[in-house]
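Fold and geometry: a report
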Amino acid sequence: MRIAILTGASSGLGREYARQITAQDHDIDEVWAIARRKDRLEALAAQLPCPVRVLPLDLSKTASLDELKKLLEIERPVVRWLVCAAGFGKISDIADLDPQDALDMVDLNCRAAMGVTNLCLPYLTKGSRILEICSTASFQPLPGLGVYAATKAFLYSYTKALHHELLFRGVHVTAVCPYWVKDTEFIPVARAGKTKQYRHFPLASRSPSVVRLSLAASAANLWVVTPGLVCSVHRIAAKCIPHALMVPLLGLLRKG
């Protein structure tokens, strides 16, 4: 059985990956859609052209990873696609961030993504694809999103190392680093913080274009993709401008 495993599939980028992957890859026998909200997963299942196994799991919990591990051991599928899109951020100064929110970001953005990926490694084969949803926040420390940026920096580094390790097995591994994506729930959730917010989100991307460009990059086996103009410029700037200058400049985008 050839499957696609999609985390964060109930909304945003995860849901869009489910739509585009199943539209272009007709050899998938089943999609395993993972998120906390069962009703949204069931709604997604009704829209896709192939069978969907709805897995309402909270990946920040060890018990959910254990459940996924058992299911993989029972079914022994070939994982043709793995997209780790589950994650969230909070716009807040680190000192003002709720400690539980900080821990939850680390658990979901780092631990869960790595945990799901590691569980799937024995089931990959030549031609399998992994896309880890990172962020331009991973390129440097980010005022007001300090914990989030740190979690994405971890995932960015992990993904690039994994790309190298799996290269000669014929498995494509890509770190997807978008700029703000305005048609997802990320911005409303992130802005629920109590401290200074970002003033605006100029030239923010949309999920269909982010997914389309990242799937093309995955096909080419690029280890990093910045799916849009702003994030591509950001990536170059982060390499050229010292963080001692770039971090204060990014801080100016916030309002009091």
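Parameters at a glance
Residues numbered from 1 in each chain as written. Predicted model: local features only at pLDDT ≥ 70, side-chain atom pairs only at ≥ 80, totals over all residues. Heavy atoms only, no water. Salt bridge = Lys/Arg side-chain N within 4 Å of Asp/Glu carboxyl O. Helix = DSSP H or I, 4+ residues; strand = E, 2+ residues; numbered from the N terminus. Buried < 20%, exposed > 50% of the residue type's maximum accessible area, 1.4 Å probe, protein only. Polar contact = N/O pair within 3.5 Å; in protein donor to acceptor, adjacent residues only side chain to side chain. Contact = heavy atoms within 4.5 Å. Phe/Tyr/Trp six-rings, centres within 6.5 Å; stacked < 30°, edge-to-face > 60°. Lys NZ or Arg CZ within 6 Å of the ring centre and 35° of its normal. Pairing = 2+ DSSP bridges. Axes fitted to C-alpha atoms, helices over the stretch in contact; angles between N-to-C directions. Parallel < 35°, antiparallel > 145°, perpendicular 65-115°, else oblique. Left-handed = near helix turned anticlockwise from the far one by under 90°. Expected span 1.5 Å × (residues − 1). Core = buried A, V, L, I, M, F, W, Y, C linked by side-chain atoms within 4.5 Å.

**Quick look at the pattern of salt bridges**
Overall, the coordinates contain four salt bridges when judged by the stated rule. For the salt bridge of E75 with R53, the shortest nitrogen-to-oxygen distance reads 3.2 Å. Here E75 is found in helix α3 (residues 62–75), whereas its partner R53 is found in strand β3 (residues 52–56), with 22 residues between them in sequence. With a relative accessible area of 30%, E75 lands in the partly exposed category. Linked through salt bridges whose partners overlap, the residues forming this network are E30, R53 and E75.

**Comments concerning the side chain of N109**
Summarising the element assignment, N109 is placed in helix α4 (residues 99–120). A polar contact of 2.9 Å, which involves the side chain of N109, links it to the backbone oxygen of F88. Setting aside anything within four residues of it in sequence, one finds N109 in contact with A86, G87, F88, Y148, T151, K152 and L155.

**Observations regarding the packing of aromatic side chains**
This structure, assessed with the given rule, holds two aromatic pairs. Pairing F139 with Y156 gives two aromatic rings, centres 5.5 Å apart and planes at 70 degrees, and the pair type is edge-to-face. One end of the pair, F139, is in the loop between β5 (129–133) and α5 (146–166); the other, Y156, is in helix α5, and 17 residues separate them in sequence. We classify Y156 as buried; its relative accessible area is 12%. Each ring, one from F154 and one from Y158, has its centre 6.3 Å from the other, and the planes form 5 degrees; the classification is stacked. With a gap of four residues between them, F154 and Y158 both fall in helix α5, about one helical turn apart. Sitting over the face of the ring of W223, K160 holds its NZ or CZ atom 4.7 Å from the ring centroid.

**As for the sheet that holds strand β2 (residues 30–35)**
The sheet built from seven strands is open, its strands ordered β3-β2-β1-β4-β5-β6-β7 with parallel pairing. Edge positions in the sheet fall to β3 and β7 (224–225), since each of these pairs with one other strand and no more. Where strand β1 (residues 2–7) and β2 come together, five bridges link them in parallel fashion. If you follow I3 over to β2, its bridge partner there is E30.

**Observations regarding the packing of α3 against α4**
Following both chains from N to C, one finds α3 and α4 inclined at 15 degrees, their axes separated by 10 Å at the closest point. With respect to α4, the axis of α3 lies roughly parallel. Handedness of the crossing formed by α3 with α4: right-handed. Judged by residue contacts, T62, L65, L68, K69 and L72 of α3 engage R111, A112, G115, V116, L119 and C120 from α4.

**Details of helix α1 (residues 12–24)**
With 13 residues, α1 extends 19 Å from end C-alpha to end C-alpha; this agrees with the ideal 18 Å at 1.5 Å per step. Among all positions of α1, only G12, L13, G14, E16, Y17, A18, Q20, I21 and T22 are buried.

**Thoughts on the nonpolar core**
For soluble globular proteins, nonpolar side chains are generally found buried alongside one another. Counting residues in each nonpolar core, the largest one holds 54 residues, and the members touching the most others are I5, W32, L59, L72, L82, V116 and I130. With residues near it in sequence (within four places) discarded, I5 still touches W32, I34, L72, V79, W81, L82, V83 and C120. Counting 28 residues, the second-largest nonpolar core is a separate cluster that includes A33, L41, V52 and V176.

**Concerning the pairing of strand β6 (residues 172–176)**
Summarising burial for β6: five of the five residues are buried, a large majority. Residues H172, T174 and V176 point to one face of β6 and V173 and A175 to the other, with burial holding for every one of them. Sheet analysis places β5 next to β6, joined by five bridges and oriented parallel. Considered in β6, the bridge of I133 is made with V176.

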